[in-house]
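# Architecture and fold: a report
Each chain, written out:
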Amino acid sequence: MIELTINGTRHRLDGDPAEPLLYILRNELGLHAAKFGCGLGQCGSCTVLVDGKAVQSCITPLAALAGRAVTTVEGLGTAAAPGVVQQAFIDEQAAQCGYCIPGMIARAEALLRADSRPTEASMRSAMRPSLCRCGTHMRILRAVRRAAMAMGGGIVDPTEPAS
Amino acid sequence: MSGIARRDLLRGGGLVVLFALAGSSVGQEGGTTGGGEGAGAPPEVAPGLPGSLAEFPHLDAWIRIAPDGAATVFTGKAELGQGIGTALLQIAADELDLSLECVSLVTADTGRTPNEGITSGSQSLQNSGTAIAHAAANVRYLLAERAAWRFGVAVETLSTANGVVLASDGRRATYGELAASLSLHVEARPQVVRKRIGVRHHIGRDRPRRDIPPKLTGAAAYAHDMTMPGMLHARVIRGPADGTLLTAPDFDAIARLPGVERLVRTGDFAAMLGPREWPLVQAMLTVGRMPWKRSGAPLPGGDLRDAIRALPAEPDVILERNAAAPVAVRHITARYDRPYLMHGAIGPSCAVALWQDGMMTVWTHSQGVYPLRAALAELLDLPLERVRCIHREGAGCYGHNGADDVAADAALAARAVPGRAVKLMWTREQEHGWEPLGPAMVAELSAGLDADGQIAEWTHAVWSNTHSTRPSRAGDLLAGLEVGRGFAPSPPRAIPQPNGGGDRNAIPLYTLPRVTITSLFVPQMPVRVSALRGLGAHMNVFAIESMIDELAAAAGSDPVAFRLRHLSDPRAIAVIRTLADRFGWARQPSERWRGQGLGFARYKNSGAYCAVAIDLRIEPETGATTVLRAEAAVDAGETVSPNGLRNQIEGGIVQSLSWTAHEEVRFDAARRTAFDWSSYPMIRFDAVPYRMAVHVIDRPSLPFLGAGEASQGPAAAAFANAVTRAIGQRLRSMPLSAERIRRAIAAD
Amino acid sequence: MALAVAAALLVFTVWAREPAIAAIERPDPARFDRRQVASGAALARIGNCASCHTVSGGRVYAGGTPIRTPFGTIHGSNITPDPETGIGTWSYEAFARSMREGVGRDGSHLYPAFPYDRLRHTGEADLRALYAFLMTRDAVRAEPPANTLVPPLGWRPVLAGWKLLALPRRAPQAPQPQLGKLWERGRYLGEGLAHCGSCHSPRGILQQELRDRAYAGGWSDGWYAPPLDATSPAVRAWTTQRLYAYFRTGLSTAHAAAAGPMGPVTHNLARTPGGDVRALAAYYAWTMRDAPAARAEPALPDRAALAARRHPAGAALFRGACAACHEPGAAMMAAGRPDLRLGSPLHEDNPRDTVQIILQGLEPPVEPNGPYMPGYADTLTDAQIAAITAYMRARWGSGPDWGDIEQAVADARDGSSK
């Protein structure tokens, strides 16, 4: 029996403590934002927040989550009332197929919670674990910059690296 | 009322639109249903009608109006993340004169929508968009005619506004009530014209994509997210990669594993089913321990590009011209090539299938639900009408990936459990191991400059396997080859010009007096391949635009000026000029290890015009490139959604940078060795450009031109040309990786 | 008394002083022999110079890399030929003195994070080649950040005292002509320029390498650098061939992938002419010739059931977090990436490397395609990482249980070297 909080609601889950969070979210709780991409922690599609940090839920066993707080993208807002980062992604139309985007949003959320004034380099480095195959990267970065501004921060240096 | 007065009225009234019929047909935008890929598209029955109306001329195939006035639009094309869902609604809402909220869209479904073949070749707006625009204009006209009859007035005196037909005396009728009294099962009339440009509200404007907010907040938007009561999860059991076979699989051991409720076997096809997904994930480790062998033909050793170049080929001269021109005094000959590339969907292929009451329903992210249905019907030995394929979005596919194969896997699994839906998803390793790859290609070019530095002669020979093995028969599906019923794959075929496969975009748009372009189709496939976004265009544009830069350098000419000197198409010239101007081509920084490059093409020589310029810097010690800036100019004819168009062009540039600089499928003696993102890496955030801008040249009076594959070729060439400028050497073999660049610098 | 101290200090300062060597105009890069430059390029890779003299995302050799030491943080200097911020005004003599004596052109003592205690064994021709290579790089203007060291280490004359106490006077390993030319070349490079002992040897209280315990295992950037001597914990012999493959590809299929600070070393060796790499391989195969695995490679049992009984929590965490790649049957292993039991970390006498790999993950060391592992620093707590580590040690490792692994995780997060 493992007790954890998901989007503010306490859950008591029994079953295999090894089962990665991703399958619980998608198949047991009907939370579909986190996606299966690789099951190997290589692509970031399944990223959620655990205690405010970006974590790949496909390699996070339930047993690792006892007493911890999980936030999925569903917990950040709804289509009618999107969260700050979600709104920034909508404003930038930062999606093509959209499959990777919930993971991107979770990762951006974790970054901006830790530091609402990241540098361009630290933003890219924070987003690096997440893959996008459609090539939506430029819009995703724009959305993160926009979200940082909306949170009262911003990207501290220009987008062009020093020569 | 004079024309001028009408225009004033329109400007003032905003929503008021008047009717008129054209004197003659406007069907100059002829329809073909795909990029030349696949089979099974229906014949043209109304060749005078534009877009896919030529195949499906009846209005109710495209648009239905409910009693409450809401319109449902049907398209045989699928939303693949390219944003057509919203773009087609913009078109329909505009032509119907309805608010966007009152229009909904049904996409590719063999039970409901027209058969528009495959969603490929950047054809959706050209074919479906054109059809829907004209169908909607027809419907609006029909509704007005009905109102005119009811009001006893001439149709020309009526106008429409937001779902209502208005008479000049103030009488009105809603679309809902009018539609209830007439049939839309009538053929479109070619002489019904679309609304004038000035009175369109949605086309050409940015409308937020309707699918984005749900996708960003956790809605079940993808086939992967579907759940149904009593649904079983499933995994397919096969060897580790294309061309392999498990030698003696211990199915009893698998069947005994906890959570495996059912093992389905037909011939060599096997799948395991269970109520929960996680036990199946773990059971795959047992499968991974099973011995396998290579069952396909032995792989040729060495670099498979050389094997493709050496295999028997069927030459087809697709262009030969021998115009008078000065003699060439300087020649350049070069070979360009690219490795096998992967589609690499971020989500592995997935399908949900339900076998119930003698009917097989498959929810699939295939790009061609109709051809898939035919293949599945043969595989399942069912009549066509007993199989229904409904498109559900998947992760972006960029061509023919595992989507169709997994649909067959799911259908076979579901057949064993009547009444229960089965969701079968490939593993990441299966996706990397089994998806049909984008073909490796070789292009050999030679060109000659005359004494004035003009191109006098040009030859281009391109070797390639087919670029489409999209399924239309059971033998085209992986499972079809496993079930042991003697199904064989369709023989590989070359996609003919003007679309072309390996020779797509092999014909340059430049003015070339003496030219021979030869497509060398290689029927024998060492590796299973199929359509990857852009087909041969990525390779051919890379080659052509590299060669153009090589010639410009030999002629001592600026690459932009050199291109403009060899172009006559004003739209091509405008695209390059716009880009050069906005990019600041004339004011390039001159800095060591920094370079700028440009690439241009008109996709398929019939789609969108696109030019890309790249400014990059190279770290000479490591060869690592930093793309400081990438800009593009694009002319896609009438632009429906400028933001959506920019999104496609931006994405194409980044994807092409990944293909061109980072990707290569490798093989050992037995199989491809790519099984995940560590063995087949792609571009990550640290390597994408620092700045990007896309400049849209809107041509509101001209037909839609597909743009989904317009930027890949130009971006590849722009990158290569920029690298050449930066390091003073030409790299002609993809990927232009950091290590290749470093070695070139070190060897210099 | 105060006077005596002041006098001693004065005497010390005078004694500690080294003269400046006159600044020169930056030599014309075209003046250097191309072959000499190419040879210098290979030597610079063997010396792994770029690792400390390149900041992440910055120009190679332009310095700025923070190097954490027990006494504070030192930043790698700019060794491009920029006259103001690099070594553009250094004559060959100034360069050679820095490599041999750890003294900058201006006469100031250099911190021994710059391993001149080993670089000093580099021969004249090789030093000239290195000089030619560095002076023909792009001059990059880049001032590294100021060092942050505990007092009085900010005062460089102190380093003269360190040198007196800590710097060995003779070559660490005498030539042995009977072992052949390859061995000799390996010895020369390994003991000198490649400075392998800087990480793989224990250090004393002054952070000097303990020469009498050379290659008995040391610390680097918070990672444990395992012994390269008879106490090597490897369970498969490090033969010349395997070491060569490891150096060239970042992966030994009989051992593991290069992780942590070893990654860049293999990245560089993969881009070095094969002969010198083979020599290094031959030499270190020799230093480990008496290691247990060199005599007999042990059977490697998979004690899965036992380990799961002893560490049930660790077993469950492993199954959910690690098995997709590391359980037999996983595609990664079927594709030829080695079994966890083959790598040294689970056989070392401390859990640090196992813990570091779990925390930080792995970037492909040599080519973009190669072993990749996500880091679990934010995914798992210290206790959870400790549980997985204990489970893996019990399942595949050798040697007694590691003591307080949770503390080791905390130390690793902290980056400390112990």
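Residues numbered from 1 in each chain as written. Chains lettered and ligands numbered in written order. Predicted model: local features only at pLDDT ≥ 70, side-chain atom pairs only at ≥ 80, totals over all residues. Heavy atoms only, no water.

### Some thoughts on the overall build of chain B
Applicable threshold: Secondary structure elements are taken from DSSP: a helix is a run of H or I of four residues or more, a strand is a run of E of two residues or more, and numbering for both begins at the N terminus. Note on contacts: a residue pair qualifies if any of its non-hydrogen atoms lie within 4.5 Å across the two residues. A 1.4 Å probe and the Shrake-Rupley method give the accessible areas. Residues count as covered only by the protein chains that appear here. When charges are tallied, Lys and Arg are placed among the positive residues and Asp and Glu among the negative ones, while His and the ends of the chain are skipped. Taken as the charge location is NZ of Lys, CZ of Arg, CG of Asp or CD of Glu.
Assigned secondary structure in chain B consists of 18 helices and 25 strands. Projecting the C-alpha coordinates of chain B onto the three principal axes gives extents of approximately 85 × 75 × 45 Å. Taking contacts inside chain B between residues at least 6 apart in sequence as the whole, the part at least 24 apart equals 78%. Surface summary for chain B: the accessible area is close to 24,100 Å², and the carbon and sulfur share equals 52%. Side-chain charges in chain B split into 77 positive and 75 negative, and the spacing between the mean points of these groups amounts to 2 Å.

### With respect to helix H10 (residues 403–415) of chain B
Residues and elements named next belong to chain B. Let me state the cut-off plainly: By definition here, a helix of n residues has an expected span of 1.5 Å times n minus one. For every residue, the accessible area obtained with a 1.4 Å probe (protein chains only) is divided by the maximum for its type, and the residue is called buried under 20%, exposed over 50%, and partly exposed between those limits.
End to end, H10 covers 18 Å across 13 residues, agreeing with the expected 18 Å (1.5 Å per residue, within 8%). Most of H10 sits inside the fold, with 12 of its 13 residues counted as buried. Regarding H10, the residues found buried are Ala403, Asp404, Asp405, Val406, Ala407, Ala408, Asp409, Ala410, Ala411, Leu412, Ala413 and Ala414.

### Describing the sheet that holds strand S4 (residues 53–56) of chain A
Residues and elements named next belong to chain A. What counts, and what does not: In this description, strands pair whenever DSSP reports at least two bridges between them. Axis geometry follows a simple rule: fit a line to the C-alpha atoms, using only the stretch in contact for helices, then measure angles between N-to-C directions, giving values from 0 to 180 degrees.
Read across the open sheet, the five strands follow the order S2-S1-S5-S3-S4; overall the sheet is mixed. With partners counted over all chains shown, the strands left at the sheet margins are strand S2 (9–13) and S4, one partner each. When strand polarity is set aside, the average angle formed by the axes of neighbouring strands in this sheet is 40°. Of the strand pairs in this sheet, strand S3 (residues 47–50) and strand S5 (residues 69–71) are connected by two bridges, and their pairing is antiparallel. What sits directly across from Val50, in S5, is Val70. Together, S3 and S4 form the strand contacts of helix H3 (residues 101–114), whose direction differs from that of S3 by roughly 35°.

### Concerning empty space enclosed by the protein
Residues and elements named next belong to chain B. Cut-off, in case you're wondering: In this analysis the probe radius is 1.4 Å and the grid spacing 1 Å, with only protein atoms considered; a cavity is a set of points the probe fits into but cannot get out of, a pocket is an open set with protein on both sides within 12 Å along at least five of seven lines, and lining residues have an atom within 4 Å of a point. Grid points are joined across faces, edges and corners, and a volume is the space filled by probe spheres set on the points. Side-chain classes follow a simple rule in which Ala, Val, Leu, Ile, Met, Phe, Trp, Tyr, Cys and Pro form the nonpolar group, Asp, Glu, Lys and Arg form the charged group, and the remainder, Gly included, forms the polar group.
Applying the stated rule across the entire model yields 10 cavities of 30 Å³ or more. There is about 690 Å³ of room inside the largest cavity. Lining the largest cavity are 48 residues, with Gln82, Ile84, Gln648, Ala707 and Gly708 positioned closest to its centre. If you list the elements that add at least two residues to the lining of the largest cavity, you get helix H2 (84–96), helix H3 (124–151) and helix H16 (642–662). Element by element, the count of residues in the lining of the largest cavity is highest for H16, at five residues. Within the lining of the largest cavity, the residues separate by chemical class into 17 nonpolar, 24 polar and seven charged.

### Details of the interface of chain A and chain C
Often the size quoted for an interface is simply the accessible area lost on bringing the parts together. The condition that has to hold: Note: buried area is the sum, over both parts, of the accessible area (probe 1.4 Å) each one loses when the two are combined. Here, a salt bridge means any Lys or Arg side-chain nitrogen found within 4 Å of an Asp or Glu carboxyl oxygen. Residues adjacent in sequence count toward polar contacts only when both atoms are side-chain atoms; beyond that, a polar contact is any pair of N or O atoms within 3.5 Å, and within protein one must be able to donate a hydrogen and the other to accept it.
Listed per partner, the contact involves 21 residues of chain A and 16 residues of chain C. With both sides pooled, the region where chain A packs onto chain C buries about 1,500 Å², and carbon together with sulfur makes up 55% of that total. Three residues, Leu40, Ile59 and Arg68 of chain A, lead the burial of chain A against chain C; their summed loss comes to 29% of the area buried on that side. For the pair chain A and chain C, the interface holds three salt bridges. Applying the counting rule to chain A against chain C returns five residue pairs in polar contact (both at pLDDT 80 or more). The residue makeup of the side of chain A that touches chain C, split by class, is 12 nonpolar, five polar and four charged.

### Remarks on the layout of surface pockets
One water molecule sets the probe size; rolling that probe over the atoms shows where empty space is left. Residue and element names in this part refer to chain B. Keep this limit in mind: Per the annotation, domain bounds derive from an automatic or database assignment of domains.
When its volume is computed, the second largest pocket comes out at roughly 1,000 Å³. Going through the elements one at a time, strand S9 (244–246) and helix H12 (478–482) are the ones with two or more residues in the lining of the second largest pocket. Of the residues that constitute the lining of the second largest pocket, the class distribution is 22 nonpolar, 13 polar and 12 charged. Looking at the lining of the second largest pocket, you find at least three residues from each of domain 2 (223–295 + 344–432) and domain 3 (441–467 + 502–747).

### Describing the pattern of salt bridges
Considering all chains together, one arrives at 82 salt bridges over all chains under this definition. The partner of Asp635 of chain B in a salt bridge is Arg571 of chain B, with the nearest N and O atoms 2.7 Å apart. With a gap of 64 residues between them, Asp635 of chain B in strand S24 (residues 625–635) and Arg571 of chain B in helix H15 (residues 570–583) connect regions that are remote in the sequence. By the burial criterion, Asp635 of chain B is buried, and Arg571 of chain B matches it. The residue Arg185 of chain C makes a salt bridge to Asp126 of chain C at a minimum N-O spacing of 3.8 Å.

### Looking at the pairing of strand S22 (residues 594–602) of chain B
Residues and elements named next belong to chain B. Of all nine residues in S22, nine are buried, a share of seventy percent or more. Burial of S22 is two-sided: the residues Arg594, Gln596, Leu598, Phe600 and Arg602 facing one way and the residues Gly595, Gly597, Gly599 and Ala601 facing the other way are all buried. Where S22 and strand S23 (residues 609–618) come together, nine bridges link them in antiparallel fashion. Looking at S23, one finds that Arg594 is bridged to Arg617.

### Notes on the interface of chain A and chain B
Contact residues are listed per partner, giving 61 residues for chain A and 67 residues for chain B. A per-residue breakdown of the area chain A buries against chain B is headed by Gln96, Arg124 and Arg133 of chain A, which together make up 16% of the total. At the boundary of chain A and chain B, one finds eight salt bridges. Ionic pairing is found between Arg26 of chain A and Asp225 of chain B, a salt bridge with its closest N-O pair at 2.7 Å. Inspection of the chain A/chain B interface yields 37 residue pairs in polar contact (both at pLDDT 80 or more). Of all the secondary structure elements, the ones that give two or more residues to the side of chain A that touches chain B are helix H1 (21–28), helix H2 (84–91), H3, helix H4 (120–127) and helix H5 (137–150) of chain A.

### Quick word on the domain arrangement of chain C
Residues and elements named next belong to chain C. Domains assigned within chain C are domain 1 (11–166), domain 2 (177–295) and domain 3 (304–414). The C-alpha centroid of domain 2 is placed 24 Å from the C-alpha centroid of domain 1. Each side of the interface is counted separately: domain 1 has 22 residues, and domain 2 has 28 residues. Between domain 1 and domain 2, the buried area comes to about 2,100 Å², and carbon and sulfur atoms account for 58% of it. Taken together, the links from domain 1 to domain 2 amount to four salt bridges.

### Digging into the sheet that holds strand S4 (residues 103–106) of chain B
All names here are of chain B. Within the open sheet, the three strands sit side by side as S2-S3-S4. Their pairing is mixed. A strand with exactly one partner marks an edge of an open sheet, and here the two such strands are strand S2 (63–65) and S4. Here the strands of the sheet are splayed against their neighbours by 20° on average, with no regard to which way each runs. Note that S2 and strand S3 (residues 71–74) share three bridges and pair antiparallel. Looking at the pairing, Ile65 lines up with Ala71 of S3. The strands that H2 touches are S2, S3 and S4; relative to S4, the one it contacts most, it runs at about 135°.

### Let's talk about a nonpolar patch on the surface
Counted only if it meets this: Nonpolar side chains (Val, Leu, Ile, Met, Phe, Trp, Tyr) within 5 Å and like charges within 9 Å form the patches, drawn only from residues with over 30% relative accessible area and no salt bridge.
Together, Trp15, Leu164, Leu165, Ile205 and Leu206 of chain C make up a nonpolar patch on the protein surface, roughly 590 Å² of accessible area in all. Here Leu165 of chain C shows up in helix H7 (residues 158–166).

### Describing the domain arrangement of chain B
All names here are of chain B. Partitioning chain B into domains gives domain 1 (3–213), domain 2 (223–295 + 344–432) and domain 3 (441–467 + 502–747). Placing the centre of domain 1 and that of domain 3 at their C-alpha centroids yields a distance of 36 Å. At the junction of the two partners, domain 1 supplies 24 residues and domain 3 supplies 25 residues. Of the roughly 1,700 Å² buried where domain 1 meets domain 3, counting both sides, 50% is carbon and sulfur surface. Broken down residue by residue, the surface that domain 1 buries against domain 3 is led by Ser122, Gln126 and Asp206, which jointly contribute 28%. For the salt bridge of Asp206 with Arg646, the shortest nitrogen-to-oxygen distance reads 3.9 Å. In this assembly, domain 1 and domain 3 are joined by seven residue pairs in polar contact (both at pLDDT 80 or more). Among the elements of the structure, H2 and H3 are those that each provide at least two residues to the side of domain 1 that touches domain 3. Taken together, the residues that form the side of domain 1 that touches domain 3 break down as five nonpolar, 12 polar and seven charged.

### Focus on the state of the cysteines
Operational definition: In plain terms, two cysteine sulfur atoms within 2.5 Å form what is called a disulfide here.
Here the structure, examined in full by the defined rule, presents zero disulfides over all chains. Free of any disulfide, Cys49 of chain C has its nearest neighbouring cysteine sulfur in Cys52 of chain C, separated by 9.0 Å. Free cysteine: Cys325 of chain C, not disulfide-bonded; nearest cysteine sulfur from Cys38 of chain A at 8.2 Å.

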